[in-house]
Every structure is written in structure tokens, then in C-alpha cells.
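Listed below are the residues making up each chain.
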Amino acid sequence: MNLNLLEILSYGFIQRALLAGTLIAVLCSVLGVFLVLRRMSLIGDGLAHVTFGSTAIALALKLYSAASLLVSLPIVLLASLGILKLTEKARLSGDAAIGIVSSLGISAGIILASVGGGYNVDLLSYLFGNILSISSEEVAIAIGLFCVVMVLLALYFQDLFAITFNEELAKVSGIRTNTINAVLVLLTALSVVLAMKLVGIMLISSLLILPAASALQLARSFKGCVAMAAIQGCCSVVSGIFISFYTNLPTSATVMMVNFAFFGSAYLIRRFLISGNNN
Amino acid sequence: MPSPVVRTEKLCCSYRVGRVLEDVSITIEAGDYVGIVGPNGSGKSTLVQALIGLVPISEGSASIFDVPCGRFAGWGRIGYLPQSLHLVNPVFPATVAEVVGLGLLSQKRFPRKLKRQDRQKVLETLESLGICDLREKLIGELSGGQQQRVLLARALVNEPELLILDEPTAALDPETRERFYALIGEINRSRGVTVLLVTHDSGAIGQHATKMLYLDKRVLFYGSFEEFCCSKDMSEMFGTHSQHIICHRH
């Protein structure tokens, strides 16, 4: 393909993909730092599977594209609270609760897809995502939800930092840890529903985990870690979109491979440069 | 007469396995340095955790600063340092200054934000404990003794009136442990902070604490070391030799 950068940027679908993609990447990367440190990384996977089930319901109701979010959002928000409640009340560890809600979501999706028959192809497109097909309405929703999540993150940042460091200490500082846990999973649920279009259900958890995991290799402060994760998330989406455009590879998988390359580089830098200097 | 810092009356706590505290009635006055000792499973940690609301009270009552524990909200008046063994995630990317700053959140209202004067307070606290040079280091990169000092700084940064320490030296070597106890004793004397220290090390706290609470689900002894040393009941319980070691170090 012989298009130059300016020509590529003049395409509406590329502009929409870059805008929505970077916003979603920032959300997932920032939340990922809290989730990875709290050993809740796989909640993204669990909620993505619930999103699959909820999308099947939306398609059964003939709601497509942006309209399907009207069904997915409340279901995934409820599922995220369900994971918390199962952990608190049913004497289950977090991973078991995520596993239960996750399998429930994917089973519902499979049953509805099987009964509905005719919309299997639409549903399967959600498995791997397609950011290049994102509509203007979906971009508008992404901008709106990005603003909501970022404002809440800014308001609750210190509380989230405190419960991430140590929940017991946070409680004795007067922080309502149950409320803050609920805020964290609700924000994650919002981001997962948005990210479904970008990377698809199968790869959402990597968008939550990889930028945070890379930042943890190099960060020298908590705020620095959050900033590094957000920057990596943005860079991976932007470069992933361009690489996939030039190479004609699937965008979601390319974004993930770029993220993995960042993680590998961060690990090598820490292993051979930073640790080497300390020895 | 000033009101007590901590008061419990017939306090009982239960887990699924059964009752772990029975009829604990104690009063701790301002400025006391109370060492809480007893065998494993005697309810030492449960007692302090019940006071700060981490463990529910099944019967009886407890109050801090004359406020029933269930309704207590003056978290800025309390500094808490839990057991060190599983406290710090070694890959946690927070600097010492950031961790100590978390101690100030108990004084803040929503949305909690740290200001420039808060950062100054963090530096002053680190300086007072002689660890200002660690402020930019990552907490996970420090030794066990350094981490405990940082977490003590976090507990002290809001200038608490009551300091609760739950086996803070479990992971430390004897020399560091001794220095830590001495530091807590100095904080108690110079700042008038009331201290509740849970420990297995009854001999060591004999040197620093002013009172001893010996628990084995019930209160077996609560009083000053002088009383402990003269108590014939304690001689029968500990044996004369052990009692002598504790009293000698005091």
C-alpha cells in the first residue's frame, strides 16, 4: 500500500478508530494498574464474557452497534457487582467468583446464539473486535464514558491507591473499602464494554494487563506507573492501527502484539539495564 | 479526671471455630504503653482488631475516646501498624513518601487530595524517624526493618493520640526488633502517645512498656510491671524463672 500518513489520517474511519482507541486504551491501562496490583487482572476476562452474553441478547432484540450498548452496559455493570458480592458473601475467592460469572455470561451467549441462529456472524465479530468499523455514535459514547470514568478516577484516586496498597490499613484510615471496591469494578465494567469494539472479547484482558505489567517493570512511583501504563496503552493502539492498516493484519491482534513488544522491552530494560546498574 | 482512651466491658468476639475472646474488661488511660502478650490463638490480635472495627464484637462493649467502636469515626486520632509478614507487595510501585502520605487520608474528606503542606508533613515525619533519605525509594526495595519504619511513619504522620501495633516486629531480626521497641518507647514518652503493642516478646516489652495485658482468651493479668513482678498468681502461671526474666528486664 502506497498511502502516506496524511492520506491515511484523512480517512474518517481511521480518525474515529484513533480517537476512540486512544480513549479506551487510556481507561483500560489506568484501571489495569489497580487491577493487576490487587490480583484482579482476570476480572476483565470475566466481564468480557458477560459482554458476549449481553451482546447476544441485544442482537436477539435486533439492537445493533451503539444501540447494543444499551443492553450490554446495565448487564455488565450488574455482573461486576455480582462478582464482588459473590466474593464477599459466598465464601469464594475473587478468581472463583470471576470464573462463575464468566462462564454464566459465555453460556448465555452460546445458548442465545444457538437459538437465534441467524445472527451468529454478527456475534462472532464481537469476539475479535473491529475498531476500524466503529461508528460516529459509538465514538460519541466512548468520549462520554471516558469523561465519566476519568472524573471518577480523579475523585477516587487516593482512595483507590490506599485500598490497592493495603485494604486493612485503608479501612483504619476511614476509607469505605466496600464502596471503593464497587467503584473500581463498575469503572472496569464500563471500560470493558467500550473495549469490546476495540480488541474484542477474547483480548480485552490483555489491554487491561499488559500496559500495567510493562509499567510495573520500570515505574519509580505509583503516579509514574499509572502515567506510563496510560502512555503505553495509547502508543500501542495508535501504532497497532497503523501497522494493521499497512500490513492488512487484524487490528485487535496487532494492538496486542505491539503491547506485548512493549512489555518485552520493558522487562529487558529492567533486567539488563536497571538491575545491572544496581548490582 | 480525663476519659480513658480505650475501655472494654465484658468484650467477647467469636469466629466460626468458636469464641476467641471472653469477658475482656480493661481500661487504658492516655499516655499508657500497654504490651499485650499471650500464647498463639489467645486473642491478642483479635482484641486490637475488634477495637478498630476489623473484627465484629459478638457481646459486650468497647469504646475508643469514649465513642463506641461501631460508631467511631475519628480515624485521624489513631495510628495502626499491622503484622509485617504479609503487608508489602514486593512489586508495589509506590515510593516511601507516597506510602507515608496515605497516612494523612484519615484527616481528609472526599475527594481526598494531598496538598503541599501535607507533603511537608510527610518529610518532617520521615526526618523524625531518621529515614528521610529513603523518601524516593520504592517500598518493595527496602529491607524488612526499613519497611517497618516506613509503615510506622505512615502510622505517625497524622500525629495520632493512640498508636496500635499488631506484632510489628514478627519478621525482624532481634537487633532491629530491639531498636524498634526503643523507638516506640521514645515516641510514647516524648509525645505522650498511648501505645497498644501486641507481641510474643514479653521479655523485651518489659523494658519499654508501662503496663502488661496477658491474654489467653480471657484476661489473665492486666496491670503495671511492678504488680506483675509481685504477683504470686503470675509466678504459678509462668514459673518463677520466666517471671524473673520479664521483671529483670523491666
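See the structure shown above.
Helix and strand content of chain A: 12 helices and 0 strands. For chain A, the succession of helices and strands along the chain, N to C, is α-α-α-α-α-α-α-α-α-α-α-α. The C-alpha radius of gyration of chain A comes to 19 Å, within 12% of the 19 Å expected for a compact globule of 279 residues. Projected onto its principal axes, the C-alpha positions of chain A cover 55 × 50 × 30 Å. Per-residue burial over chain A gives 53% buried out of 279 residues. Pairs at least 24 residues apart make up 76% of the contacts formed inside chain A by residues separated by at least 6 positions. As presented, chain A carries roughly 11800 Å² of accessible surface, and 68% of it is formed by carbon and sulfur atoms. For chain A, the distance from the average site of its 14 positive side-chain charges to the average site of its 10 negative ones is 9 Å.

A separate point is the packing of helix α2 (residues 12–37) of chain A against helix α10 (residues 204–218) of chain A. Residue and element names in this part refer to chain A. At a closest axis distance of 7 Å, the pairing of α2 and α10 adopts a crossing angle of 70°. The angle between α2 and α10 places the two elements in the roughly perpendicular class. Between α2 and α10 lies a crossing of right-handed hand. When α2 is examined against α10, the residues I24, C28, S29, G32, V33, L35, V36 and L37 are found in contact with a partner set consisting of L207, L208, I209, P211, A212 and L216. For the contact of α2 with α10, the per-class residue count stands at 12 nonpolar, 2 polar and no charged.

The next thing to look at is the pattern of salt bridges. This structure, assessed with the given rule, holds 12 salt bridges over all chains. With a closest N to O distance of 3.4 Å, E88 of chain A and K85 of chain A form a salt bridge. Remark: K85 of chain A and E88 of chain A occur in helix α4 (residues 66–89); sequence separation between them is 3 residues, near one turn of the helix. Residue classification places E88 of chain A among the partly exposed positions, given a relative accessible area of 37%. With relative accessibility at 45%, the residue K85 of chain A sits in the partly exposed group. A salt bridge links E59 of chain B to R19 of chain B, with the nearest nitrogen and oxygen atoms 2.5 Å apart.

It is worth spelling out the sheet that holds strand β5 (residues 67–68) of chain B at this point. Residue and element names in this part refer to chain B. Strands sit in the order β2-β1-β4-β5 across an open sheet of 4 strands; the sheet is antiparallel. The sheet is open, and its two borders are formed by β2 (18–28) and β5, each paired with just one other strand. As paired strands, strand β1 (residues 6–15) and β2 are joined by 7 bridges and run antiparallel to one another. Counted as the bridge partner of C13 is L21 from β2. Those strands touched by helix α1 (residues 44–51) are β1, β2 and β4 (59–64), and its axis lies near 115° from that of β1.

Residues and elements named next belong to chain B. Taken together, 6 strands build an open sheet; the order of strands is β6-β7-β8-β3-β9-β10 and the sheet is mixed. Two strands close off the open sheet at either side, each with one partner strand: β6 (78–81) and β10 (218–224). Within this sheet the neighbouring strands show an average axis-to-axis angle of 15°, counted without direction. Here strand β9 (residues 211–216) pairs with β10 via 6 bridges, running antiparallel.

Right, let's get into the side chain of S45 of chain B. Residue and element names in this part refer to chain B. One can find S45 in helix α1. Under the relative-accessibility criterion, S45 is labelled buried at 17%. Here the side chain of S45 touches D166 through a polar contact of 2.7 Å, side chain to side chain. Those residues within four positions of S45 in sequence are excluded, and the remaining contacts are Q83, D166, E167 and V198.

A few words now on the interface of chain B and chain A. At the interface, 32 residues of chain B touch 27 residues of chain A. Carbon and sulfur atoms supply 64% of the area buried between chain B and chain A, which totals about 2700 Å² over both sides. Of all residues in chain B, the largest losses of buried area upon contact with chain A belong to F92, P93 and R112 of chain B, amounting jointly to 23% of the total for that side. Scanning the region where chain B abuts chain A turns up 2 salt bridges. With its nearest N and O atoms 2.8 Å apart, the salt bridge here joins R112 of chain B to D159 of chain A. Counting the contacts that link chain B with chain A gives 8 residue pairs in polar contact (both at pLDDT 80 or more). When residues of the side of chain B that touches chain A are traced back to their parent elements, those giving at least two are β6, α2 (96–102) and α4 (144–156) of chain B. By residue number, the principal contributor to the side of chain B that touches chain A is α2 of chain B, which donates 3 residues.

Rules and cut-offs
- Residues numbered from 1 in each chain as written.
- Chains lettered and ligands numbered in written order.
- Predicted model: local features only at pLDDT ≥ 70, side-chain atom pairs only at ≥ 80, totals over all residues.
- Heavy atoms only, no water.
- Helix = DSSP H or I, 4+ residues; strand = E, 2+ residues; numbered from the N terminus.
- Rg over C-alpha atoms; globule rule 2.2 N^0.38 Å.
- Buried < 20%, exposed > 50% of the residue type's maximum accessible area, 1.4 Å probe, protein only.
- Contact = heavy atoms within 4.5 Å.
- Areas by Shrake-Rupley, 256 points an atom, 1.4 Å probe, with all protein chains shown as cover.
- Lys, Arg positive; Asp, Glu negative; His and termini not counted.
- Charge placed at Lys NZ, Arg CZ, Asp CG, Glu CD.
- Axes fitted to C-alpha atoms, helices over the stretch in contact; angles between N-to-C directions.
- Parallel < 35°, antiparallel > 145°, perpendicular 65-115°, else oblique.
- Left-handed = near helix turned anticlockwise from the far one by under 90°.
- Nonpolar A, V, L, I, M, F, W, Y, C, P; charged D, E, K, R; others polar.
- Salt bridge = Lys/Arg side-chain N within 4 Å of Asp/Glu carboxyl O.
- Pairing = 2+ DSSP bridges.
- Polar contact = N/O pair within 3.5 Å; in protein donor to acceptor, adjacent residues only side chain to side chain.
- Buried area = accessible area lost by both parts, 1.4 Å probe.

Nothing here speaks to function; it is all geometry.
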